[in-house]
Structure formats: structure tokens, C-alpha cells
Amino acid sequence: MSALKLGVLVSGSGTNLQAIIDSIKSGKLRVSVEVVISSREDAFAIKRAKESGIEAVAICPEWFPSKAEYEEAMINKLREAKVELVVLAGFLKVLSPHFIRAFAGRIINIHPSLIPAFCGKGYYGLKVHKAVLEYGAKVTGATVHFADEGTDTGPIILQKAVEVRDDDTPEILSKRVLEVEHEILPEAIRLFAEKKLDVVGRRVFIKE
Ligand code: GAR
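Residues numbered from 1 in each chain as written. Predicted model: local features only at pLDDT ≥ 70, side-chain atom pairs only at ≥ 80, totals over all residues. Heavy atoms only, no water.

**Observations regarding the pairing of strand β8 (residues 197-200)**
If a strand is regular, its side chains alternate between the two faces of the sheet. This is how the line gets drawn: At least two DSSP bridges between two strands are needed for those strands to be called paired. Counting from the N terminus, the helices are the DSSP runs of H or I reaching at least four residues and the strands are the DSSP runs of E reaching at least two.
Two strands pair when backbone bridges link them, and β8 and strand β9 (residues 203-206) are joined in this way by four bridges, in the antiparallel orientation. For L197, the partnering residue across the bridge sits in β9 and is I206. Linking β8 to β9, which pair antiparallel, is a turn of two residues; within it G201 sits at a positive phi near 60°.

The following block contains the structure:
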């Protein structure tokens, strides 16, 4: 059986992309990253991809007259690369229903909180951890879920909790949450690639 073809969408540092690449290199994950698309030209994630011999391109929203044309450019690139699973790995743009329908049931997202807490519009990156600390939550974590037409609302595949400590800052907390992101994102991709995910309504059952 040929390796599942991934397209990874990124916006920044790309540590989650690196976790995927490292899992492939170590043989834990048998998939292939066909293309990385960044919403920013200066994203370090592009460098990480290229260093591993993966095609990486920037497709930036500000280059296009409309969101529809921006997304069409990404859809075309992903289709050209025959991508079977789209991974949003620190991709900080909200995708329209048109994009979601183009890859229905084949888009997964990593979010740095325990959904449904601290998610939805405006909750991304460090803002999430800042909100967790301001609220006084004692536990946070990370979630991998299927993307649907809402923001961070699709069926949850995996979650892992992280304890909030008294001396945490958003930056310190984000580092501990990233550690668990780097575990659960490659694991969710493995489960998808091995066809071990059964989606029944909102619930995702894992057949191991
Ligand atoms: C990660 O914490 C990811 O969960 C978050 O952005 C960071 C990207 O880090 N994504 C979101 O907030 C999406 N709503 P990375 O570029 O080092 O992988």
C-alpha cells in the first residue's frame, strides 16, 4: 500500500511540522508530506520543509483580490500534489466552507487547548495560553480534531491535558503544550493513515 499523501498548512515556526517530519524519519509514521503551504513568506516552517527535501511554497492571502481566489490557489496546489489528508499544523487562517468541502473529512487541525475551552474565533497561538492564565484554569492541553465548517468545532480525535502552574507565563505554558502537540498530532495522522478512525456524529472511535 502506498504511503498516505499529506499536505501541511502552516503559518509560523513549524514545530508541529517538524514533529511530523521526525516521526516519518524515525519510521513511526508511514506517510509522505507532498507539499507544505505557508500563509506567510517568512515562516520558519518553509525552511524546515526545504531542509528535509519537501516542496514548500508560500501562498499568502494578501496576494489575492478575494479569499475565494486565495483558497482556490491552495486547493489547486493540494490537488496537483494529489494530497489525501490536509494537516493544519499551526495554520492561523480561518478556512471557508468552500475549502472544507473540497477536502471533506480529510482535514485535521491541532489546537493548543482542550476544546471546547479557549477555542473559536480569535483564539490562536499565544492568545490561547494568555486566556487560559487570565481565566485561572488549572488544566489546559492540546486537541487534534477534524476540521468542519465552524472554527475549532469538528469531531475530536485526540486530546491530552497539561497542568497549569502558578509561575506559568503564556510563553512557558505554550512550550509545555507544544510538547504534547508534538505527540498527539503525529499519532492522529497515524490513526487516520491506518484507517483506525471511525467518525459517528461528533464522536471519533479509535479501532486499535
Ligand atoms: C501551535 O501551538 C498550534 O497548536 C497553534 O499554533 C502553534 C503553531 O506552532 N495553532 C492554533 O492556535 C490554531 N488555532 P508551530 O508553528 O510551532 O507548529
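**A short note on the packing of helix α5 (residues 126-135) against helix α6 (residues 170-193)**
Here is the rule: Note on method: axes are straight lines fitted to C-alpha atoms, helices fitted across the in-contact stretch only, with angles between N-to-C directions ranging 0 to 180 degrees. Each angle is binned into one of four classes, with values under 35 degrees roughly parallel, values over 145 roughly antiparallel, values of 65 to 115 roughly perpendicular, and all other values oblique. Crossing handedness: left-handed means the near helix sits turned counterclockwise from the far one by under a right angle, and right-handed means the same turn made clockwise. What makes two residues a contact is simply this: any of their non-hydrogen atoms within 4.5 Å. Ten residue types, Ala, Val, Leu, Ile, Met, Phe, Trp, Tyr, Cys and Pro, are classed as nonpolar, four, Asp, Glu, Lys and Arg, as charged, and the remainder, Gly among them, as polar.
Close contact between α5 and α6 brings their axes to 9 Å; oriented N to C, the two are set at 110°. As the angle between them shows, α5 and α6 are arranged roughly perpendicular. Handedness of the crossing formed by α5 with α6: right-handed. Of the residues in α6, those in contact with L126, H129, K130, V132 and L133 of α5 are P170, E171, L173, S174 and V177. In terms of residue class, the contact of α5 with α6 is made up of six nonpolar, two polar and two charged.

**Here we look at helix α3 (residues 67-80)**
In plain terms, the rule: To estimate how far a helix should reach, multiply one less than its number of residues by 1.5 Å. Relative accessibility decides the category of a residue: with a 1.4 Å probe and only protein chains considered, values under 20% of the type maximum give buried, values over 50% give exposed, and everything between is partly exposed. Here, the arc refers to the directions that run from the helix axis to the C-beta atoms.
Between the first and last C-alpha of α3 there are 20 Å, a value that for 14 residues agrees with the 20 Å anticipated at 1.5 Å per step. If you check which residues of α3 are buried, you get Y70, E71, M74, I75, K77 and L78. Angularly, the buried residues of α3 cover 165° about the axis, an arc narrow enough to put them on a single face. Counted as exposed and oriented over 90 degrees from the buried face of α3: A68 and E80. Those residues of α3 that are buried lie in contact with β1 (4-10), β2 (31-38), β3 (56-58), β4 (85-88) and α4 (97-102). Just downstream of α3 lies K82, where phi reads positive at about 55°.

**So, the layout of surface pockets**
Heads up, the rule is: A 1.4 Å probe that fits into a set of points on a 1 Å grid over the protein atoms alone but cannot get out defines a cavity; an open set with protein on both sides within 12 Å along at least five of seven lines defines a pocket, and lining residues are those with an atom within 4 Å of a point. Grid points are joined across faces, edges and corners, and a volume is the space filled by probe spheres set on the points.
Estimates place the volume of the largest pocket at around 900 Å³. Around the largest pocket sit 42 residues that line it, and G90, F91, L92, Y124 and G125 are the ones nearest its centre. Among the secondary structure elements, those contributing two or more residues to the lining of the largest pocket are α1 (15-25), β5 (107-111), α5 and α6.

**A word on the site of the ligand**
The cut-off we apply is this: Note on definitions. A residue lies near a molecule or strand when any single heavy atom of the residue is within 4 Å of it. Under this definition, polar contacts are N or O atom pairs within 3.5 Å; protein pairs additionally need one hydrogen-donor-capable and one acceptor-capable atom, and for neighbouring residues in sequence, both atoms have to be side-chain atoms. Computed by Shrake-Rupley with a 1.4 Å probe, the accessible areas treat only the displayed protein chains as cover when residues are assessed. To qualify as sitting in a cavity or pocket, a molecule needs more than half of its atoms within 2 Å of the grid points.
In the region of the ligand, 14 residues are neighbours, and G14, T15, N16, G125 and E181 sit closest. G14 is positioned such that a nitrogen or oxygen atom in its backbone is 2.7 Å from an oxygen atom of the ligand. Within the contact set of the ligand, an oxygen atom lies 2.9 Å away from a side-chain nitrogen or oxygen of N16. Taken by itself the ligand offers 450 Å² of open surface, and the protein chains cover 90% of this. Given that more than half its atoms are within 2 Å of the pocket grid, the ligand belongs to the largest pocket. Of all the secondary-structure elements, those providing two or more residues to the shell around the ligand are α1, β5 and α6.

**Considerations on the sheet that holds β4**
Taken in spatial order, the seven strands make up an open sheet running β3-β2-β1-β4-β5-β6-β7, and their pairing is mixed. Edge positions in the open sheet fall to β3 and β7 (156-163), since each of these has one partner strand only. The mean inter-strand angle of the sheet, taken between neighbouring strand axes irrespective of direction, is 20°. Across four bridges, β1 lies against β4 in parallel orientation. When the bridges of β4 are listed, G7 appears paired with V86.

**Quick word on the packing of aromatic side chains**
The geometry of an aromatic ring pair is captured by the separation of the ring centres together with the interplanar angle, meaning the angle of the planes. Put simply, the rule is: Side-chain rings of Phe, Tyr and Trp, where Trp is taken by its six-membered ring, are said to pair if the distance between their centres is within 6.5 Å; with planes under 30 degrees apart they count as stacked, over 60 as edge-to-face, and otherwise as tilted. Charges are assigned to positions over rings by a cutoff of 6 Å between ring centre and Lys NZ or Arg CZ, combined with an angular limit of 35 degrees from the ring normal.
This model, assessed by the stated rule, comprises five aromatic pairs. Summarising the aromatic geometry, the rings of F118 and Y123 are spaced 6.5 Å apart at their centres and angled 70° between planes, so their arrangement reads as edge-to-face. In this structure F118 comes out as buried when scored by relative accessible area, which is 15%. Here the guanidinium or amino end of R79 rests over the ring plane of F103, the centre of that ring lying 5.9 Å away.

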